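Next come the chains, spelled out residue by residue.
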Amino acid sequence: MKSSFPIDSQPEHDRSLFISMACALLGIGVLMVHSASITSWPTEFEQVYLSRHLVFLAIAACVASSASYLPARFWYDRAPLLFWGTVVLLILVLIPGIGTRVNGAQRWLRFGSVSLQPSELAKIALPLLTVRLMVQRRSSVRHWFKGTVPLLIPLAIIIPLVIKQPDLGTTLFLTGGVMIALFLGGWPIRNFIVGLLCALPAVGMLVALRPYQLKRISGFLDTWTNWESAPYQLKQSLMALGTGGVSGSGLGKGAQKLSFLPEANTDFVFSVAGEELGLIGTLAIVGLWLGLFLAGLNIIRSQKQNSYAYVVSLTLLMQLVFQAILNVAVVTAMVPPKGISHPLISYGGTNLMVSLLSLGIIISLTRSVTDDDLVIDPELDQNDELLMNEAVVLAEEKTPLEVDSSEECEDEECEDEECEDEECEDEECEDEECEDEECEDEECEDEECEDEECEDEECEDEECEDEECEDEECEDEECEDEECEDEEYEDEEDLESEEKS
């Protein structure tokens, strides 16, 4: 059953807070882009950076606002179209003469003064399609083959195209985003373990085949062990953060951005913020990101935990926050240097567009209750689903009259069966009563028989006693007779003795 009513339990101020946090980060981004674009040779380009950034921001805001009012079903239905459009752009960027190569990397498509980076679009297209496949294959998500290979096909198509640019950092980022979506969708843990064991040798081989990747890793280690051989951009970034101290040197008064710090308005804009706004300013930016994440969680929790809207929204939100954390880790020399821009703050049309579009999709997916057919349920049995489908087909084939008549017949049969069951129960009850009476009669007869036997035994006992008594009397009489004979014998002996004398 589908529903498009607004969520009553979701307070509107949570969504307003979410948007307010994003607007605050965008405001800081405008200030930092303008300040970081000033170089030691002031020209008109510093104004060009600001004007371009404002144009990108206006377009991105319009796109995100329009996306926020679209229904969740739109993103589910258009996921394949967005994915294959991104694949076409990734193929075009690799064609010589169409893609633009900058610093040895071919990642951009230029249309006059506007550039597009297709790999950024994959951050949205991949989660949308991956979660759609999980919904479609809900009955086999936990299967070792059916729930593994089909879900990884989109990632297997995108990754080789991104590696070819080459862009190892974005490759790892896209893989991490897909893993987040699969984890939230209920993918078994065993698949993650097997995937990690397979991915580690592949990443190691890619790093070993590109000497500059090994140089980045060794340079990152030298930052903490041998300062003289540390990468130049990391040294300048740490110097900018150290110079800012607690309160900073003041907005627009930073020195490292004056042609000392590379990519000051894109990858290392957080270093400029640390120098000019100090520790207080950098902690404020971190606090805004934390507030954005918590506000986003509040509006995402209104959805079912295993639904398409929940998994996609939380994946996009975690991707944004993770990208911000990764950028801060790079400029503070916590991870090896990589071209990861700071979302909502760094200069860049495609990055800004993708970041705001992600926020718009999150709002769009959480505006209404999730449709029942857009729910991922790994515990659903495939056999039950087939039976349900067959029942639906049979119900559709029947006409309303047939359905009614069949239902009435079934009801009458059920009543007849109930009546028969009641009669059978009554007969069983009567049989049981009869058996109980017979049992009582038999018990009574047995008792009478026992009483008679007892009387007979008593009589026999009395007779036996009488006989014993008679025997005893006879014995007594015999004994007396013997005594008398003995006395007579003694008397005779005495008489004979007297006569002899």
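The structure under discussion appears in the preceding block.
This one's a predicted model, so the numbers in the text were calculated from it and none came from an experiment. (Residues numbered from 1 in each chain as written. Predicted model: local features only at pLDDT ≥ 70, side-chain atom pairs only at ≥ 80, totals over all residues. Heavy atoms only, no water.)

1. Structural notes on the pairing of strand β1 (residues 99-102)
Then step 1. Across four bridges, the pairing between β1 and strand β2 (residues 105-111) is antiparallel. Note that in β2 the partner of Gly-99 across the bridge is Leu-109.
Then step 2. Hairpin connection between β1 and β2: a loop of two residues separates the two successive antiparallel strands, and Asn-103 in this loop has a positive phi of roughly 55 degrees. (Pairing = 2+ DSSP bridges. Helix = DSSP H or I, 4+ residues; strand = E, 2+ residues; numbered from the N terminus.)

2. Observations concerning the environment of Ile-153
Then step 1. Examined against the element boundaries, Ile-153 turns out to sit in helix α5 (residues 149-163).
Then step 2. Taking relative accessible area as the criterion, Ile-153 reaches 43% and is therefore assigned partly exposed.
Then step 3. When the C-alpha atoms of Ile-153 and Thr-130 are compared, they prove to be 8.8 Å apart, with 23 residues separating the residues in sequence. (Buried < 20%, exposed > 50% of the residue type's maximum accessible area, 1.4 Å probe, protein only.)

3. Remarks on the layout of surface pockets
Then step 1. Each pocket or cavity is described by its volume, and for the second largest pocket that value is around 1,400 Å³.
Then step 2. Where the lining of the second largest pocket is concerned, the elements lending two or more residues are α5, α6 (168-184), α7 (189-209), α8 (211-225) and α11 (308-331).
Then step 3. When residues in the lining of the second largest pocket are grouped by element, the largest group, 13 residues, is from α7.
Then step 4. Classifying every residue of the lining of the second largest pocket by side-chain character gives 34 nonpolar, 10 polar and two charged. (1 Å grid on protein atoms, 1.4 Å probe; cavity = no way out; pocket = protein on both sides within 12 Å on 5 of 7 lines; lining within 4 Å. Points joined across faces, edges and corners; volume = space filled by probe spheres on them. Nonpolar A, V, L, I, M, F, W, Y, C, P; charged D, E, K, R; others polar.)

4. Thoughts on the packing of helix α4 (residues 118-136) against α11
Then step 1. The interhelical angle for the contact between α4 and α11, taken along N-to-C directions, is 150 degrees, at an axis separation of 10 Å. Taken together, the axes of α4 and α11 lie roughly antiparallel to each other. Where α4 crosses over α11, the two elements pack in a sense that is right-handed. Residues Lys-123, Ile-124, Pro-127, Leu-128, Val-131, Arg-132 and Val-135 of α4 form the contact with α11, whose participating residues are Tyr-308, Val-311, Val-312, Thr-315, Leu-316, Gln-319 and Gln-323.
Then step 2. Of the residues assigned to the contact of α4 with α11, the class counts are nine nonpolar, three polar and two charged. (Axes fitted to C-alpha atoms, helices over the stretch in contact; angles between N-to-C directions. Parallel < 35°, antiparallel > 145°, perpendicular 65-115°, else oblique. Left-handed = near helix turned anticlockwise from the far one by under 90°. Contact = heavy atoms within 4.5 Å.)

5. So, a nonpolar patch on the surface
Then step 1. A surface patch of nonpolar side chains, about 440 Å² in accessible area, is lined by Trp-144, Phe-145, Val-149 and Ile-153.
Then step 2. Tracing the backbone through its elements, the reader meets Val-149 in helix α5. (Patch = residues over 30% accessible without salt bridge, like charges linked within 9 Å, V, L, I, M, F, W, Y side chains within 5 Å. Areas by Shrake-Rupley, 256 points an atom, 1.4 Å probe, with all protein chains shown as cover. Salt bridge = Lys/Arg side-chain N within 4 Å of Asp/Glu carboxyl O.)

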